[in-house]
Amino acid sequence: MKRNIPHNSISYLPLLLKLLKSRYLWLLLTTTLLTLLLLHTLNPYLVSDSVYQLSHVTRHVFDSKSRGVLEHKLAAEIEWELFRYQTLYRDSRCVSDSETDSKSAWLTYVQGDDVSIVQAVVLSHMLQKLSCISERLAAVSDKTNSKVTELLHKAGYKVLVLPDLSCDGLSSNHVILNAWNLTQYDKIVYLDTATFPTLSLDEVFDTVQLGKISAPYQSPSNVADVSFSGSMFGLVPDVRTFSEMLAQFQDRSKYKCHDVAGFLWYFFTQDDRWLKLPYSYNIRNDRYFPMKSFNSMEVSRLGPVWEWQSKPTRQQAEKIDKPLASLEDLYEFWWVMLYEGLERAESWHWWHYESTVYWKFLHSDPVRDFRAVDIY
């Protein structure tokens, strides 16, 4: 029976036979073999080392992920050691700090819902642990009930009722524009309640200048985004700047209601009045190195931190002491600081019996008895 030979094999066979008969091929192979023998005679390790190096480089050149893991692990350990130093020696650090006077203050805006209250508790606790600036202001609207005000007082805030600067008839965080009118302070750094400082941010006070805004980039350097974050910025209160800002805000609101970050970007970048801070001060969505603070409001691959189903219990949190090498570690640490903050603010009763954030967890796991000790 006649064998069926593929057409491609027939076409390449004559070329292969011709190549094998070529004297140039044999000359090349002979020359190569003699060269290798000569090199081996001169240095027996030269050939073997070259072959090994080539194979090793080929095998590892694309293995950048494992190298990145090692670098991130080291960076996380360095950050963690710095965090421990800053918290352990806070009092001694702050003795000679020039920013400890009452003319500087942190400011946040609390909308009044349970999520913003929980975030405010965590933020205040972290500032107490890390910052030499003792004055913490919580701006609220005149519609905020007394229960929320009491909770904020317990968390260490001085509560300020500021005018509601809404546009399109909608209440929003535009109220924070009033920060420029708080002239009883020389310097103010605004932090959204979702800000989760992992290291001291006191140096931001040193960057502020009259008529300008100090704010971090909205995105990392490898993203084509040149806007700044409205979640964190430093300023010098000034009546003139506030008047100009208020007039432009009211004029723009006739045509479009910008979010506060968008309005501030237009206002301060027109005359090059933006003092740029690194993205490390406003990290969003995922773990980033280096890190100074994380914005917990941004929805990452794990979801909102206060809805994280893998949260540690109160008993588990007492044993957690490790570098924040991953997003999971960061989320876990946020819960550790929440438990400590609730303890410091003496707000466990509110957390267990009134907070919708707490009860949402219980309803998401109906099998788990809310009276179980490990929940508390």
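Analysis parameters
- Residues numbered from 1 in each chain as written.
- Predicted model: local features only at pLDDT ≥ 70, side-chain atom pairs only at ≥ 80, totals over all residues.
- Heavy atoms only, no water.
- Helix = DSSP H or I, 4+ residues; strand = E, 2+ residues; numbered from the N terminus.
- Expected span 1.5 Å × (residues − 1).
- Buried < 20%, exposed > 50% of the residue type's maximum accessible area, 1.4 Å probe, protein only.
- Arc of directions from axis to C-beta.
- Contact = heavy atoms within 4.5 Å.
- Salt bridge = Lys/Arg side-chain N within 4 Å of Asp/Glu carboxyl O.
- Patch = residues over 30% accessible without salt bridge, like charges linked within 9 Å, V, L, I, M, F, W, Y side chains within 5 Å.
- Areas by Shrake-Rupley, 256 points an atom, 1.4 Å probe, with all protein chains shown as cover.

A. Broad picture of helix H8 (residues 239-253). With 15 residues, H8 should reach 21 Å at 1.5 Å per residue; the first-to-last C-alpha distance of 21 Å fits that figure. Listed in full, the buried residues belonging to H8 are Thr-241, Phe-242, Met-245, Phe-249 and Ser-253. For H8, the angular spread of buried residues about the axis comes to 95°, placing them on one side. For H8, the secondary structure elements touched by its buried residues are helix H9 (260-269).

B. How the structure looks around unusual backbone geometry. The peptide bond linking Phe-289 to Pro-290 adopts the cis configuration, its omega dihedral lying at -10°. Note that Pro-290 resides in the loop between strand S8 (274-277) and strand S9 (293-295). Unlike most non-glycine residues, Asp-272 shows phi in positive territory, near 55°. Non-glycine residue Asn-285 carries a positive phi angle of around 75°.

C. Main features of the pattern of salt bridges. This structure, assessed with the given rule, holds twelve salt bridges. Ionic pairing is found between Lys-292 and Glu-203, a salt bridge with its closest N-O pair at 2.9 Å. In this pair, Lys-292 sits in the loop between S8 and S9 while Glu-203 sits in the loop between strand S5 (195-197) and strand S6 (213-216), placing the two residues 89 residues apart along the sequence. Given the relative accessible area of 17%, Lys-292 is considered buried. We note a salt bridge from Glu-244 to Arg-240, for which the minimum N-O separation is 3.5 Å. Of this pair, Glu-244 and Arg-240 both sit in helix H8, separated by four residues, roughly a single helical turn. Note on Glu-244: relative accessible area 35%, which makes it partly exposed. Assessed through its relative accessible area of 63%, Arg-240 is described here as exposed. One network of salt bridges, in which partners are shared, links Lys-322, Asp-329 and Glu-332.

D. Focus on a nonpolar patch on the surface. A cluster of nonpolar side chains, Leu-82, Tyr-85, Leu-88 and Tyr-89, forms an exposed patch at the surface whose accessible area comes to about 420 Å². As for its placement among the helices and strands, Tyr-89 is situated in the loop between helix H4 (64-88) and helix H5 (90-95). We classify Tyr-89 as partly exposed; its relative accessible area is 42%.

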